[in-house]
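Structural characterization, general
In case you want the letters, here they are:
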Amino acid sequence: MRILCVSDVVDKYIYNSDSSGRIKPDLIISCGDLPQDYLEFLMSKFNVPLLFVQGNHDDYQINSIPNIEGTLNLISSSRFDFSSNHDYHKTFAGIEIDRKIVHFNGYTILGFEGCNKYNNGKHQYTQKEMSKRVKSTYWKIMLNKLRNKSYIDIVVTHAPPYGIHDKQDIVHTGFKAFLELMDKFKPKYLLHGHTHIYDNRENRIFDYKGTKVINCYGYYILDI
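What you see is a predicted model, and the numbers here were worked out from it, not measured in a lab. (Residues numbered from 1 in each chain as written. Predicted model: local features only at pLDDT ≥ 70, side-chain atom pairs only at ≥ 80, totals over all residues. Heavy atoms only, no water.)

Observations regarding the pairing of strand β1 (residues 2–7)
Consecutive side chains of a regular strand alternate in pointing toward one face of the sheet and then the other. Most of β1 sits out of view: five of its six residues are buried. As paired elements, β1 and strand β13 (residues 218–223) share six bridges and run antiparallel to each other. From the neighbouring strand, Ile3 faces β13, where its bridge partner is Leu222. By the bridge criterion, four bridges tie β1 to strand β2 (residues 27–30) in an arrangement that is parallel. (Buried < 20%, exposed > 50% of the residue type's maximum accessible area, 1.4 Å probe, protein only. Helix = DSSP H or I, 4+ residues; strand = E, 2+ residues; numbered from the N terminus. Pairing = 2+ DSSP bridges.)

Structure (structure tokens):
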């Protein structure tokens, strides 16, 4: 399976070039801080589903859209949602996965929005708040293990884990709760954005105890 991972900046290669035939993704995952119309453009261009979490600069307009069931049918029949108050009919073009577990082509995916709190804006959390949010999903992960014989394959976040691809300033400090999540459930991948890459020599991938932590700034193609 090929995943087009995007985050933080509209990439000229993806947006302007005839990249459809070369990339050919099965799924798009957004790690946040991207314009809503860009995400809808990518869905239209590649004709595949979109899973997303919101970043600290996002405020997507959640509108009812027609034919949402047609989009959801692209998710495998084993997909299930544990939330009692989530309405997919109010999702703009993709599927928001903040604290949601979804299945796609046999892989289990879980998301967490937001970054470290710095000015009380939307999608910002203290370390303690994010820890509570992450731990609130543990029972869902355990239930997924019982039903599907595995915990979590892919974790999608906006901010990075603490000490991995993060920065010293308060805005770009990573979350310790993501380290605890990886320690406990050992996902194959953690995809994040938020920290920008200005030097192509900078390493996007960090191996944390068997979990590949990938900075998806701009775009990254993940083949699994």
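Past the structure itself, the notes keep going.
Thoughts on the nonpolar core
In terms of nonpolar packing, the biggest core is built from 23 residues, with Phe112, Met130, Val134, Ile141, Phe178, Leu181 and Met182 touching the most fellow members. Within the residue set of this core, elements represented by two or more residues are β6 (107–112), α5 (127–135), α6 (138–148) and α7 (176–185). No other element matches α7, which puts six residues into this core. Those residues in contact with Met182, other than ones at most four positions away along the chain, are Pro161, Ile164, Pro187, Leu190, Tyr208, Thr211 and Val213. Grouped together as the second largest cluster of nonpolar side chains are 20 residues, Leu51, Ile97, Leu191 and Tyr220 included. (Core = buried A, V, L, I, M, F, W, Y, C linked by side-chain atoms within 4.5 Å. Contact = heavy atoms within 4.5 Å.)

Some words on α5
Of the positions making up α5, those classed as buried are Met130, Ser131, Arg133 and Val134. Projected down its long axis, α5 shows its buried positions confined to an angular sector of 165°, all on one face. For α5, the exposed residues lying more than 90 degrees away from the buried face are Lys128 and Lys132. Looking at the buried side of α5, the elements it contacts are β6, β8 (124–125), α6 and α7. (Arc of directions from axis to C-beta.)

By themselves, these observations are geometric and do not establish any function.
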